[in-house]
Amino acid sequence: MTFIIVATSIILLVALIVWIKVEPFIAFLITSILAGLLLGIPLPEISGSIQTGIGNLMGALVIVIVLGAMLGKIVADSGAAQRIAQFLMNGFGEKRVNWAIALTAFIVGIPLFFNVGFVLLVPLVFAVAYQYKIPVMILGIPMLAALSITHGLLPPHPAPVALVAQFGANIGTTLIYGFIIGIPVIVLGGPLLGKLPYLRQMKITPLEVFSVKPKEESELPGLINSLFTALLPVFLLIALSLIGMGMNEDSPSYGLIMFFGDPNIVMLISLIWATFSLGIMKGIKIADIMNRYASAVKEIALILLIIAGAGAYKEVLVDSGVSGEIGASLQQLSINPLLLGWLIAAVIRVSVGSATVAALTAAGIIAPLVASGVGDPNLMVLAIGSGSLIFSHVNDGGFWLVKEYFNLSIKQTFLSWTLLETVLSVLGLIGVLILDLFI
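Now for a quick tour of the structure.

## What to know about the overall build of the chain
Here is step 1 of the chain: Helix and strand content of the chain: 20 helices and zero strands.
Here is step 2 of the chain: At 22 Å, the chain has a C-alpha radius of gyration in line with the 22 Å of a compact globule built from 439 residues.
Here is step 3 of the chain: Principal-axis analysis of the C-alpha atoms places the extent of the chain at approximately 65 × 55 × 50 Å.
Here is step 4 of the chain: A total of 439 residues make up the chain; the buried ones form 56% of that total.

Structure follows, in structure tokens:
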């Protein structure tokens, strides 16, 4: 019955948005309330679940997304994105620029959460596509593939780190296995998948915040300034993470490093620097810069509401206990433990939406098997991580992040982002099972 209720709520959500044309945030609220009632959450607690879901997701994302939009705006408006695009084209050539984007996203994705890396790289993708008349999805798919794999499989991302601890795995070994599996998966699911004819033919109109007319060469900022400013959040996060890893937690400086290493603080520092390096130092008045920032926030306000709605729906499903119930029923299957871990995570991901929730829930269910010596714990981390990526759809905040930033229809999002996530998940499982044959 639980499966039927979850499936019905998802169908209702799609119907409200696609056929009845209800604004997605309102559709999420209506669906969340009805799902909560049908799944047995006490009526007075449904509103609390919705508020908690919105609060948790927005608390984690709103600062990064808003500051990222501002940073993207000034990087685009100043010509820095255009300068970086020229650099990539000169270095890799037009035919291989998708590989350059994939490599950049992979490097960026290792220290950054998916949402942070996504917000930082979207302006660059549109800048390259706009300037060189390249179909957006040829570049967007490689970026998304690299960010997804690093998020799902590689420490120091939250789910892989938590799974390593829960299974007693070795974080270094898991990271090495993650590279062995993840890099071929990114190649197959990124630059190669992005060449599918229907993806090349998708007509995408980027958000106005990323649509900037090319500037004359003399108006562009220098390459070093452009690269340093655009990638400053990456530099800071990597450097501060490495410093923090080498420090004793009792050290007086540890708290300071953790504070400045927080993505929200890093984004604020980076935006302040960009304001000076690409704005004030180029003769732009501070009032003009702030007006541009305000316009950038207006562009993404609806995106924030939609993601908030997805957070509310996800929390209702989690609070109802649906993820544990589904996982427990799947645990009775007599199959390869690595495949079982992947399957449990995959079903929870489709039902609940959150990759992190799917991975952590599956870990709790499969942990007794790993503790008994069944299955390599390092590979189990990667199997569950791969399963947690599968079939992102309307109950996942990432689905709406991709849809709204790339300005896609729901159908286009399913045919690009959802397809990509499913391909990555299946290829990840295949990689885990192949590696299991040799270790």
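Back to the write-up after that little detour.
## What to know about the environment of Val125
Here is step 1 of the chain: Residue placement: Val125 occurs in helix H6 (residues 114-132).
Here is step 2 of the chain: Using a relative accessible area of 1% as the deciding quantity, one classes Val125 as buried.
Here is step 3 of the chain: For the pair formed by Val125 and Asn98, sequence separation is 27 residues and the distance between their alpha carbons is 9.4 Å.
Here is step 4 of the chain: Excluding residues that lie within four positions of it along the chain, Val125 makes contacts with Ile101, Val136, Leu139, Gly140, Met143 and Phe406.

## Considerations on the packing of aromatic side chains
Here is step 1 of the chain: Following the criterion strictly, the structure yields 14 aromatic pairs and no others.
Here is step 2 of the chain: With a centroid separation of 5.3 Å and an interplanar angle of 85°, the aromatic rings of Phe118 and Tyr405 are classed as edge-to-face. Separated by 287 residues along the polypeptide, Phe118 in helix H6 and Tyr405 in helix H19 (residues 397-405) bring together distant segments of the chain.
Here is step 3 of the chain: Under the relative-accessibility criterion, Phe118 is labelled buried at 0%.
Here is step 4 of the chain: Judged by its relative accessible area of 1%, Tyr405 falls in the buried class.
Here is step 5 of the chain: Seen in terms of ring centroids, Phe126 and Phe406 are 5.5 Å apart; in terms of plane orientation they differ by 45°. Their pairing is tilted.

## Section: helix H13 (residues 263-279)
Here is step 1 of the chain: Under the 1.5 Å per step criterion, the end-to-end length of H13 is 23 Å for 17 residues, consistent within 8% with the ideal 24 Å.
Here is step 2 of the chain: Looking at H13, one finds that the buried residues are Asn264, Ile265, Val266, Met267, Ser270, Leu271, Ala274, Thr275, Ser277, Leu278 and Gly279.
Here is step 3 of the chain: Taking the backbone nitrogen of Asn264 as reference, a side-chain oxygen 2.8 Å away marks Asp262 as the first, capping residue of H13.

## Quick look at unusual backbone geometry
Here is step 1 of the chain: The residue Lys21 is not glycine, and still its phi comes out positive at about 70°.
Here is step 2 of the chain: Inspection of the secondary structure puts Lys21 in the loop between helix H1 (2-19) and helix H2 (24-38).
Here is step 3 of the chain: At Phe391, a position not held by glycine, the phi torsion is positive, near 40°.
Here is step 4 of the chain: As for its placement among the helices and strands, Phe391 is situated in the loop between helix H18 (377-387) and H19.

## Considering the environment of Ser354
Here is step 1 of the chain: Mapped onto the elements, Ser354 comes out in the loop between helix H16 (337-352) and helix H17 (355-371).
Here is step 2 of the chain: Those residues in contact with Ser354, other than ones at most four positions away along the chain, are Lys314 and Arg349.

## Some words on the environment of Met143
Here is step 1 of the chain: One can find Met143 in helix H7 (residues 136-153).
Here is step 2 of the chain: Separated by 18 residues in the primary sequence, Met143 and Val125 have C-alpha atoms spaced 8.2 Å apart.
Here is step 3 of the chain: Those residues in contact with Met143, other than ones at most four positions away along the chain, are Ile101, Ala105, Phe118, Leu121, Val122, Val125 and Phe406.

## Concerning the nonpolar core
Where a protein is soluble and globular, its nonpolar side chains tend to be buried together.
Here is step 1 of the chain: Of all hydrophobic cores here, the largest spans 138 residues; its most connected members are Phe118, Met143, Phe167 and Phe406.
Here is step 2 of the chain: A total of 14 residues in this core trace back to one element, the largest contributor, which is helix H14 (residues 286-319).

## Overview of H14
Here is step 1 of the chain: Over its 34 residues, H14 runs 46 Å from end to end, which matches the ideal 50 Å to within 8%, given 1.5 Å per residue.
Here is step 2 of the chain: The sharpest bend along H14 reaches about 40° and sits at Ile300.

## Points about the pattern of salt bridges
Here is step 1 of the chain: Scanning the model with the defined rule gives seven salt bridges in all.
Here is step 2 of the chain: Its salt-bridge partner being Arg349, residue Asp396 comes within 3.2 Å of it at the nearest N-O pair. Of the two residues, Asp396 is situated in the loop between H18 and H19 and Arg349 in helix H16; the sequence distance between them amounts to 47 residues. The pair formed by Asp396 and Arg349 is uniform in burial state, with each residue classed as buried.
Here is step 3 of the chain: For Arg349, the salt bridge identified is with Glu421, shortest N-O distance 3.1 Å. Linking Arg349 in helix H16 with Glu421 in helix H20 (residues 410-436), this pair joins segments that are 72 residues apart in sequence.

## Examining the side chain of Asn264
Here is step 1 of the chain: If you trace the backbone, Asn264 turns up in helix H13.
Here is step 2 of the chain: The class of Asn264 is buried, set by a relative accessible area of 19%.
Here is step 3 of the chain: Leave out the neighbours within four places in its chain, and Asn264 touches Ile63, Val64 and Leu67.

## As for the packing of H7 against helix H9 (residues 171-192)
Here is step 1 of the chain: Contact geometry of H7 with H9 gives a least axis separation of 8 Å together with a crossing angle of 150°. Taken together, H7 and H9 sit at an angle that is classed as roughly antiparallel. Where H7 crosses over H9, the two elements pack in a sense that is right-handed. Where H7 abuts H9, its residues Ile141, Pro142, Ala145, Ala146, Ile149 and Leu153 lie against Ile181, Gly182, Val185, Ile186, Gly189, Gly190 and Pro191.

## Things to note about the packing of H19 against H20
Here is step 1 of the chain: Running from N to C, H19 and H20 point in directions that differ by 110°, and their axes come no closer than 10 Å. Judged on the interaxial angle alone, H20 and H19 are roughly perpendicular. The two elements H19 and H20 cross, and the hand of that crossing is right-handed. For the pair H19 and H20, the contacting residues are Gly398, Phe399, Trp400, Val402 and Lys403 in the first and Ile410, Thr413, Phe414, Trp417 and Thr418 in the second.
Here is step 2 of the chain: Partitioned by chemical class, the residues of the contact of H19 with H20 number six nonpolar, three polar and one charged.

## Focus: a nonpolar patch on the surface
Here is step 1 of the chain: A grouping of Leu268, Ile272, Phe276, Ile280, Met281, Ile286 and Met290 is seen on the molecular surface, where their side chains present a nonpolar patch of about 640 Å² in accessible area.
Here is step 2 of the chain: For the nonpolar patch, the elements supplying multiple residues, two or more each, are H13 and H14.
Here is step 3 of the chain: When residues in the nonpolar patch are grouped by element, the largest group, three residues, is from H13.
Here is step 4 of the chain: By secondary structure assignment, the location of Met281 is in the loop between H13 and H14.
Here is step 5 of the chain: Taking the relative accessible area as the measure of exposure, Met281 reaches 62% and is therefore exposed.

Analysis parameters
- Residues numbered from 1 in each chain as written.
- Predicted model: local features only at pLDDT ≥ 70, side-chain atom pairs only at ≥ 80, totals over all residues.
- Heavy atoms only, no water.
- Helix = DSSP H or I, 4+ residues; strand = E, 2+ residues; numbered from the N terminus.
- Rg over C-alpha atoms; globule rule 2.2 N^0.38 Å.
- Buried < 20%, exposed > 50% of the residue type's maximum accessible area, 1.4 Å probe, protein only.
- Contact = heavy atoms within 4.5 Å.
- Phe/Tyr/Trp six-rings, centres within 6.5 Å; stacked < 30°, edge-to-face > 60°.
- Expected span 1.5 Å × (residues − 1).
- Polar contact = N/O pair within 3.5 Å; in protein donor to acceptor, adjacent residues only side chain to side chain.
- Core = buried A, V, L, I, M, F, W, Y, C linked by side-chain atoms within 4.5 Å.
- Bend = angle between axes of the 7 residues up to and from the residue.
- Salt bridge = Lys/Arg side-chain N within 4 Å of Asp/Glu carboxyl O.
- Axes fitted to C-alpha atoms, helices over the stretch in contact; angles between N-to-C directions.
- Parallel < 35°, antiparallel > 145°, perpendicular 65-115°, else oblique.
- Left-handed = near helix turned anticlockwise from the far one by under 90°.
- Nonpolar A, V, L, I, M, F, W, Y, C, P; charged D, E, K, R; others polar.
- Patch = residues over 30% accessible without salt bridge, like charges linked within 9 Å, V, L, I, M, F, W, Y side chains within 5 Å.
- Areas by Shrake-Rupley, 256 points an atom, 1.4 Å probe, with all protein chains shown as cover.

Purely spatial values, then, with no claim about function.
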